[in-house]
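An overview of the molecular structure
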Amino acid sequence: MNQRDAARTRARAQRALLAAALLAAPARAEQPPPPAPSAWFAARGPHIEAVSSAGGDDAGALALQLERALAAASRLLDADPSLLPPVTAISLTAADGYAYLRPLSGAPAFLHVAPERATLVLDGALREQSLTAAQHSLTHLLAASDPRPRPLWLEEGGAELVSTARVTGDALELGRPPRARLEWFALATLHPLKRVLSARETLRWSQHAREGLAAESWALLHFLRSGDRAGFPARADRLASYLALVNGGMPPERACAEAFGLEAAALEAELLRFLSFGEPPRERIALASLGAPGALPAEPLVPARRDALLGELALSLGRGAWAPAERWLRSAALYDPASKARLAQLRALRGDERAQLEPLLAEAELASAAGGADAASLSALALARLALATRAHPPDAD
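None of the values given here were measured: they were computed from a predicted structure. (Residues numbered from 1 in each chain as written. Predicted model: local features only at pLDDT ≥ 70, side-chain atom pairs only at ≥ 80, totals over all residues. Heavy atoms only, no water.)

1. Remarks on the environment of Ala219
Put simply, the rule reads: In this description a helix means any DSSP run of H or I spanning at least four residues, a strand means any run of E spanning at least two, and both kinds are numbered starting from the N terminus. Only protein chains enter the area calculation, which uses a 1.4 Å probe; residues under 20% of their type maximum are buried, those over 50% are exposed, and those in between are partly exposed. Here, residues are in contact when the closest pair of their heavy atoms is within 4.5 Å.
Examined against the element boundaries, Ala219 turns out to sit in helix α8 (residues 207-226). Its relative accessible area of 1% is what places Ala219 among the buried residues. A C-alpha to C-alpha distance of 9.6 Å links Ala219 and Phe185, two positions 34 residues apart in sequence. Apart from the residues lying within four places of it in its own chain, the contact partners of Ala219 are Phe185, Leu271 and Leu275.

2. As for the sheet that holds strand β2 (residues 48-52)
Definition in use: A pair of strands is labelled paired if DSSP reports no fewer than 2 bridges between them. Angles shown run from 0 to 180 degrees and are taken between the N-to-C directions of axes, each axis being a line fitted to C-alpha atoms and, for helices, limited to the stretch in contact.
Ordered by their spatial adjacency, 6 strands build an open sheet running β4-β5-β3-β2-β1-β9, and the pairing between neighbours is mixed. Two strands bound the open sheet, and with one partner strand each, they are β4 (109-113) and β9 (298-300). Shown here is a sheet whose adjacent strand axes are inclined to one another by a mean of 20°, direction ignored. Relative to strand β5 (residues 118-123), strand β3 (residues 87-92) runs parallel, the two being bridged by 6 bridges. Note on β5: the bridge partner recorded for Leu92 is Asp123.

3. Some details on the sheet that holds strand β6 (residues 166-168)
The 3 strands are arranged β6-β7-β8 in an open sheet whose pairing can be described as antiparallel. Both outer strands of the open sheet, β6 and β8 (283-286), are each paired with one neighbouring strand and no more. With direction set aside, neighbouring strand axes in the sheet form an average angle of 40°. Examined bridge by bridge, strand β7 (residues 171-174) and β8 share 4 bridges and lie antiparallel to one another. Looking across to β8, one finds that Glu173 is bridged to Arg284.

4. Some thoughts on the confidence of the model for the protein chain
How we decide: Known as pLDDT, the predictor's confidence for each residue is given on a scale from 0 to 100.
With 87% of its residues at a pLDDT of at least 70, the protein chain reaches an overall mean of 84. Note that pLDDT drops below 50 for residues 13-32; the model gives that stretch 2 contacts with residues more than four away or on any other chain.

5. Thoughts on the side chain of Thr164
Heads up, the rule is: Side-chain atoms alone can form a polar contact between residues adjacent in sequence; in general such a contact is a pair of N or O atoms within 3.5 Å, and within protein one must be able to donate a hydrogen while the other accepts it.
With respect to the element layout, Thr164 can be found in the loop between α5 (152-163) and β6. Of note is the side chain of Thr164, whose polar atom sits 2.7 Å from the backbone oxygen of Arg176. Residues in contact with Thr164, not counting those within four places in the same chain, are Thr132, Gln135, Glu173, Arg176 and Pro178.

6. Quick look at the side chain of Gln65
With respect to the secondary-structure elements, Gln65 resides in helix α2 (residues 56-77). One polar contact links Gln65 to Gln135, side chain to side chain, over a distance of 2.7 Å. Setting aside its immediate chain neighbours within four residues, Gln65 contacts Leu131, Gln135, Ala165, Arg166, Val167 and Leu172.

7. Description of the environment of Val246
Along the chain, the position of Val246 falls in helix α9 (residues 239-247). Sequence-wise, Val246 and Pro151 are 95 residues apart; in three dimensions their C-alpha atoms are separated by 7.7 Å. Every residue in contact with Val246, bar those within four places of it in the chain, is listed here: Pro151, Pro252 and Ala255.

8. Concerning the packing of aromatic side chains
Spelled out, the test is: Working definition: a ring pair exists when centres of Phe, Tyr or Trp rings (six-membered ring for Trp) sit within 6.5 Å. Plane angles under 30 degrees give stacked, over 60 give edge-to-face, the rest tilted.
Per the stated rule, a full pass over the model turns up 7 aromatic pairs. Ring centres 5.8 Å apart and planes at 55° place the aromatic pair Trp153 and Tyr242 in the tilted group. One end of the pair, Trp153, is in helix α5; the other, Tyr242, is in helix α9, and 89 residues separate them in sequence. For Trp153, a relative accessible area of 0% corresponds to the buried category.

9. Quick notes on the nonpolar core
Rules: What is meant by a nonpolar core is a set of buried Ala, Val, Leu, Ile, Met, Phe, Trp, Tyr and Cys residues, joined one to another through side-chain atoms within 4.5 Å.
The biggest cluster of nonpolar side chains holds 69 residues, and the ones touching the most others in it are Trp153, Tyr242 and Leu267. Sequence-distant contacts of Leu267, defined by excluding residues within four places in its chain, comprise Leu193, Leu220, Phe223, Leu224, Arg235, Cys256, Phe260 and Leu262. Core analysis: the second largest hydrophobic core is formed by 34 residues, Ala42, Val51, Ile90 and Ala344 among them.

10. Quick look at the pattern of salt bridges
Formally: For this analysis, a salt bridge means a side-chain nitrogen from Lys or Arg found within 4 Å of a carboxyl oxygen belonging to Asp or Glu.
Within the structure shown, the criterion is met by 21 salt bridges. Ionic pairing is found between Arg148 and Asp146, a salt bridge with its closest N-O pair at 2.9 Å. Residues Glu326 and Arg347 are paired through a salt bridge, measuring 3.3 Å at the closest nitrogen-oxygen approach. You can see Glu326 sitting in helix α14 (residues 322-333) and its partner Arg347 sitting in helix α15 (residues 337-350), a full 21 residues away along the chain. On the accessibility criterion, Glu326 (15% relative accessible area) is buried. Linked by salt bridges that have partners in common, Glu326, Arg347, Arg350 and Asp352 make up one network.

11. Focus on the packing of α9 against helix α10 (residues 252-260)
Just so we agree on the cut-off: Handedness of a helix crossing follows the sense of rotation of the near helix relative to the far helix, less than a right angle counterclockwise being left-handed and clockwise being right-handed. Residues are grouped as follows: Ala, Val, Leu, Ile, Met, Phe, Trp, Tyr, Cys and Pro are nonpolar; Asp, Glu, Lys and Arg are charged; every other residue, Gly included, is polar.
Two elements in contact, α9 and α10, have axes whose closest approach is 9 Å; the angle formed by their N-to-C orientations is 150°. Helix-helix and strand crossings are classified by hand; for α9 and α10 the assignment is right-handed. Mapping the contact onto sequence places Leu239, Ser241, Tyr242, Leu245 and Val246 in α9 and Pro252, Ala255, Cys256, Glu258, Ala259 and Phe260 in α10. Grouping the amino acids of the contact of α9 with α10 by side-chain chemistry returns 9 nonpolar, 1 polar and 1 charged.

Structure representation (structure tokens):
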């Protein structure tokens, strides 16, 4: 062997030793790049967390307004806000993803309730309209979370009354008439008051009839609480008696006569006179008496949490939002191990092959075990496995 061949042999041996060393060395996990600074902020109150892409002041103001509206709703409906599920309010613009998440065209806000949280999504470009819709939904969520029964008109009237609540000076002002309700009273034929009082469910009602019930429920509750400012007898303190009588089994019309001192027809005549005076007086509740916080500081929201929130919400909205859900969950999973479980759930529901899914499921299960998995992550993993099992063994057609 000449010197050149010997040099080639030594070089091959060195390359082989280097390759063997590399194969024997433990694999280094690919590390994601550090997250970019977040322009999103979150502010947390006693019952509500608000998230906004418009800065800390916006997040703090949104959380504070919703906490105050919730306190007013609790007072109106005699409902316990501590029974609410975790509530996150997210203010989004079209660029942030609101256009992908909005379930109904034109809706300025919507409420989505999932096992792990209730999410209020607001169109940040339409703050006043979205705030009205969000406060309405929040009041209904409060009523649904409190098991104590209450008449449908009282719940709907409370939601309408709270929907337009706004801070003026040192008070929360109630009674601003929603525009759609004023149009109803100007143009539509009213339901008889006895039908409003006795309504239990409206699933079979037309949309027009449901809008009428909402309008008249708002007017009746506003009248009972504020009619004395327009010269009618004070009846606000009789609402509790009315509620007790109805919940005790008394028919609504009889409870009306017992609690308010008028038969339904006579009370309806007074209500119509109250409305004929023009825009009714507004009720003011001192902020200090609401028990809500005076201010709520905001902190930057970690991008992984932002993407996890948006991805979780989009996933729960169904097939139409799966594309943005995957984008957000893939981003969140780089830094948030729990998001791997939801990403696996999405891909299983979408129909990805088991061979492609198993590595992700294994990573998600390992991350969940290492981090003390929360109930939502365990549920996502279980649903992913269930989707795979259902595809492998479809249920009988019958």
